[in-house]
Amino acid sequence: MDKLFFQHIFDKHQNTEPVPPTKEISAWALRIIRLLFPEQTKEYFRSEEEIEIQFKNLELELRNILISTYQCKDCNPEWRAREFFERIPHIYEVLKTDIQAIIEGDPAAKSEFEVIRAYPGFYAISFYRLAHELHLLEIPLLPRILTEYAHSKTGIDIHPGAQIAEHFFIDHGTGVVIGETTVIGKHVKLYQGVTLGALSVDKAMVNTKRHPTVKDYVVIYSGATILGGKTVINEHAVIGGNVWLTKSVPAYATVYHKPEITVVEREAV
């Protein structure tokens with residue numbers, strides 16, 4: 001390696017804009033989730049006032065993270081941090097509906113405790129719910145950092161810009177992809193390997209709806225791929241496994257892939 005290469009790397013280090021480490025940002029989000037759902041890690045509090053102090057400290061921590069983020073230097077960090085924490089009760093109530101959806105939708109789920117503590121779908125949705133509110137407040141970088149952290153832990157990739165209503169259930173979860181302009185209604189259930197994506201990755205489409213709309217009470221089974229901003233899966237539709245869809249589906253329809261499978265019997269040796 002020559003001196004010019006070292007100079008290039010040095011210049012990058014000097015010119016890269018400051019952003020707090022992902023470990024710090026994700027730890028902040030985890031503390032919120034664990035404060036809301038002590039099933040994840042029990043801490044002892046002696047009074048309601050101590051809970052209130054915890055939330056105030058987390059609000060201050062968010063303000064400091066925003067101040068330390070170059071892209072947010074002019075975004076009024078104090079107001080945005082305060083506004084975000086005003087929305088925490090709403091986030092909590094929506095997450096409770098997600099827990100209920102898992103309890104009702106998965107025969108293997110024995111208790112709320114198990115769902116909160118052990119289900120990767122709930123883990124990813126929790127991070128998404130926080131990140132989405134940050135996204136709505138037009139806070140840069142942090143929303144994507146949070147959902148990508150959850151992605152790294154669960155294999156579930158939810159863009160913070162996606163709009164997802166209450167009672168949302170991701171079963172098993174690994175390999176699920178939900179794009180930025182996806183709209184998902186109430187009581188929707190996705191299995192592992194589902195992609196709600198775009199037909200094209202053309203950069204010119206940045207400000208257009210590129211991802212599908214999934215309406216209320218839809219079930220989408222494993223491996224299904226649904227693409228395009230004009231694609232609408234209407235109420236109570238069922239999308240079977242390994243289906244590839246780029247067109248809308250009417251309400252109450254069932255869509256399935258019909259594979260040709262051959263079983264060849266042979267004698268045991």
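The model shown is predicted, which means the values in this text are computed figures rather than measured ones.

Within the chain one finds 8 helices and 14 strands. C-alpha atoms of the chain, sized along the principal axes, occupy 65 × 60 × 50 Å. For the chain, the proportion of its 269 residues judged to be buried stands at 43%. Partitioning the intrachain contacts of the chain with sequence separation of at least 6 by distance along the chain shows that 46% fall at a separation of at least 24. Element-wise, carbon and sulfur atoms account for 53% of the exposed surface of the chain, whose accessible area totals about 15,400 Å².

Let's shift gears to a nonpolar patch on the surface. On the surface, a cluster of nonpolar side chains totalling about 430 Å² of accessible area is made up of Met1, Phe5, Phe6 and Ile9. Here methionine 1 lies in the segment before helix H1 (3–15). Residue classification places methionine 1 among the exposed residues on the basis of a relative accessible area of 80%.

This part covers the packing of helix H3 (residues 48–68) against helix H4 (residues 77–86). Running from N to C, H3 and H4 point in directions that differ by 140 degrees, and their axes come no closer than 9 Å. What the angle tells us is that H3 and H4 run oblique. When the axes of H3 and H4 are compared, the crossing they make is right-handed. When H3 is examined against H4, the residues Phe55, Leu58, Glu59, Leu62, Arg63, Leu66 and Ile67 are found in contact with a partner set consisting of Pro77, Glu78, Arg80, Ala81, Arg82, Phe84 and Phe85. Its residues assigned to classes, the contact of H3 with H4 comprises 9 nonpolar, no polar and 5 charged.

Relative to the elements of secondary structure, glycine 229 occurs in the loop between strand E10 (225–227) and strand E11 (232–233). For the pair glycine 229 and aspartate 11, spaced 218 residues apart in sequence, the C-alpha separation works out to 41 Å.

Using the criterion set out here, one finds 9 aromatic pairs in the structure. When the centroid spacing of 5.7 Å and the interplanar angle of 45 degrees are considered together, the rings of tryptophan 28 and phenylalanine 84 count as tilted. Of this pair, tryptophan 28 sits in helix H2 (residues 22–36) while phenylalanine 84 sits in helix H4, and the two are 56 residues apart along the sequence. A single burial state applies to tryptophan 28 and to phenylalanine 84, both of which are buried. Arranged with centres 5.6 Å apart and planes meeting at 40 degrees, the rings of phenylalanine 127 and tyrosine 149 form a pair that is tilted. With phenylalanine 127 in helix H7 (residues 120–136) and tyrosine 149 in helix H8 (residues 142–154), this pair connects stretches of sequence that are 22 residues apart.

Looking now at the sheet that holds strand E8 (residues 213–214). The sheet built from 4 strands is open, its strands ordered E2-E5-E8-E11 with parallel pairing. Single-partner strands in this sheet number two, and they are strand E2 (163–164) and E11.

Take the state of the cysteines next. Throughout this description, disulfide means a covalent bond between two cysteine sulfur atoms. Tallying each qualifying case throughout the model produces 1 disulfide. Covalently, cysteine 72 is tied to cysteine 75 through a disulfide, its sulfur atoms 1.7 Å apart. An S-S torsion of about 65 degrees defines the bridge between cysteine 72 and cysteine 75 as right-handed. With respect to burial, cysteine 72 and cysteine 75 carry one shared label: buried.

Right, let's talk about the sheet that holds strand E9 (residues 219–220) for a bit. Taken in spatial order, the 5 strands line up as E3-E6-E9-E12-E14 in an open sheet, and their pairing is parallel. Strands with a single pairing partner mark the edges of an open sheet, and in this sheet they are strand E3 (169–170) and strand E14 (254–255). Sheet topology note: the E3/strand E6 (residues 189–190) ladder contains 2 bridges and is parallel. Within the sheet, the bridge partner assigned to isoleucine 170 lies in E6 and is leucine 190.

Criteria and thresholds
Residues numbered from 1 in each chain as written. Predicted model: local features only at pLDDT ≥ 70, side-chain atom pairs only at ≥ 80, totals over all residues. Heavy atoms only, no water. Helix = DSSP H or I, 4+ residues; strand = E, 2+ residues; numbered from the N terminus. Buried < 20%, exposed > 50% of the residue type's maximum accessible area, 1.4 Å probe, protein only. Contact = heavy atoms within 4.5 Å. Areas by Shrake-Rupley, 256 points an atom, 1.4 Å probe, with all protein chains shown as cover. Patch = residues over 30% accessible without salt bridge, like charges linked within 9 Å, V, L, I, M, F, W, Y side chains within 5 Å. Salt bridge = Lys/Arg side-chain N within 4 Å of Asp/Glu carboxyl O. Axes fitted to C-alpha atoms, helices over the stretch in contact; angles between N-to-C directions. Parallel < 35°, antiparallel > 145°, perpendicular 65-115°, else oblique. Left-handed = near helix turned anticlockwise from the far one by under 90°. Nonpolar A, V, L, I, M, F, W, Y, C, P; charged D, E, K, R; others polar. Phe/Tyr/Trp six-rings, centres within 6.5 Å; stacked < 30°, edge-to-face > 60°. Pairing = 2+ DSSP bridges. Disulfide = S-S within 2.5 Å.

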